[in-house]
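Listed below are the residues making up each chain.
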Amino acid sequence: DEEEGTGSKIVPRMVFTKLELETSEHPLFKRIWRFKHIINPDSPLLTSEAQKAIMHNNGNWPREWNNHKAVRKAIRFNQMVVSFTGISNISGASVYKQKVYDYVDTVVGYQFVNALYRGRRGNLKVDLRLINDVAEQTGGGGEPLHVTGKGSVRDSDMPKAS
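Residues numbered from 1 in each chain as written. Predicted model: local features only at pLDDT ≥ 70, side-chain atom pairs only at ≥ 80, totals over all residues. Heavy atoms only, no water.

### Notes on the overall build of the chain
The criterion, for reference: A helix here means a DSSP run of H or I that spans at least four residues, while a strand means a run of E at least two residues long, and both kinds are numbered starting from the N terminus. A simple rule labels every residue: compare its accessible area, found with a 1.4 Å probe on the protein chains alone, to the largest value its type can have, and call it buried under 20%, exposed over 50%, or partly exposed in between. Contacts are residue-level and defined by heavy atoms, with any inter-residue pair within 4.5 Å sufficient.
Along the backbone of the chain there are 2 helices and 10 strands. The secondary structure elements of the chain, listed N-terminal to C-terminal, are β-β-α-α-β-β-β-β-β-β-β-β. Counting only residues that meet the buried cut, the chain has 17% of its 162 residues in that class. The contacts in the chain between residues at least 6 apart in sequence include a share of 40% that link residues at least 24 apart.

Below, the structure is given as structure tokens:
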């Protein structure tokens, strides 16, 4: 939208914040590298109300929030940009990859499946067909999903019958 007479445009505020990540082993990035962000009072993904509630609960996630609806309510972001940079072992050239996740792309209560397997000769391989597949986390509590021909969608994304 343009402000009257000024010719200037109002630009949405963008905030870039680095997330603290815990990583699994990094075998020189040979196969798959898993990492996770711990949701604590310092997490920039939390609403200010959620940060305060966790601080009032001695820094712990409130037990009554251990369900997908409460987690959704406590987390707020528009987009998450995951960027990787490195150097190719073959050419020595810089390599770069970026993936943007929108808030609606996240699925609460699920984790990525293991895409590694042993080939016929016992060598480790990656099944790229599983690279975006998820399974409900240990202990359950994930959002209800419906499997469609194009993948899974959350109940909240399903069209409502009228």
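That shown, we press on.
### Observations regarding the packing of aromatic side chains
Between two aromatic rings, the relevant description is the distance of the centres plus the angle of the planes. For the record, the criterion: When two rings of Phe, Tyr or Trp (its six-membered ring) have centres within 6.5 Å they constitute a pair, described as stacked for plane angles under 30 degrees, edge-to-face for angles over 60, and tilted for the intermediate range. Two limits define a charge over a ring: the Lys NZ or Arg CZ must be within 6 Å of the ring centre, and within 35 degrees of the ring normal.
Counting across every chain of the model gives 2 aromatic pairs. Here Trp 61 and Trp 65 contribute two aromatic rings whose centre-to-centre distance is 5.3 Å and whose plane-to-plane angle is 80°, an arrangement assigned as edge-to-face. Ring geometry for Phe 77 against Tyr 103: centres 5.5 Å apart, planes inclined by 75°, an arrangement best described as edge-to-face. Taken as a pair, Phe 77 in the loop between α2 (68-74) and β3 (79-87) and Tyr 103 in the loop between β4 (94-102) and β5 (110-112) lie far apart in primary sequence, 26 residues in all. As far as burial versus exposure is concerned, Phe 77 and Tyr 103 are alike and both buried. Taking the ring centre of Tyr 101 as reference, the NZ or CZ of Lys 99 above it sits at 5.4 Å.

### Points about the pairing of β3
Note the cut-off: By this definition, two strands are paired if DSSP reports at least two bridges between them.
Sheet topology places β3 next to β4; 9 bridges connect them, and they run antiparallel. By the bridge assignment, Gly 86 is partnered in β4 with Val 95. Adjacent in sequence and paired antiparallel, β3 and β4 are bridged by 6 residues, among which Gly 92 carries a positive phi angle near 80°.

### As for the environment of Asn 123
Tracing the backbone through its elements, the reader meets Asn 123 in the loop between β6 (116-118) and β7 (124-126). Asn 123 sits in the partly exposed class, given a relative accessible area of 37%. The residues contacting Asn 123, other than those within four sequence positions of it, are Tyr 117 and Arg 118.

### Some points on the confidence of the model for the chain
Cut-off, in case you're wondering: pLDDT measures how confident the predictor is about each residue, on a scale from 0 to 100.
Model confidence for the chain is summarised by a mean pLDDT of 79, while 75% of its residues fall at 70 or above. When mean pLDDT is taken per element in the chain, helix α1 (residues 48-56) scores highest with 94 and strand β10 (residues 151-154) scores lowest with 56. In this model residues 158-162 is a low-confidence stretch, pLDDT under 50, and it forms 3 contacts with partners more than four residues away in sequence or in other chains.

### Structural notes on the nonpolar core
The following threshold applies: We call a set of buried Ala, Val, Leu, Ile, Met, Phe, Trp, Tyr and Cys residues a nonpolar core when their side-chain atoms join them within 4.5 Å.
The biggest cluster of nonpolar side chains holds 10 residues, and these are Leu 45, Leu 46, Ala 50, Ile 54, Val 71, Ala 74, Ile 75, Phe 77, Tyr 103 and Val 108. Not counting chain neighbours up to four residues away, the residues in contact with Ile 54 comprise Pro 41, Leu 46, Gly 59, Asn 60, Trp 61, Pro 62 and Trp 65.

### Overview of the pattern of salt bridges
So the rule is basically this: Here, a salt bridge means any side-chain nitrogen of Lys or Arg that lies within 4 Å of a carboxyl oxygen of Asp or Glu.
Applying the stated criterion to the full structure yields 2 salt bridges. A salt bridge links Arg 129 to Asp 127, with the nearest nitrogen and oxygen atoms 3.0 Å apart. Look at Arg 129 and you get exposed, because its relative accessible area is 71%.

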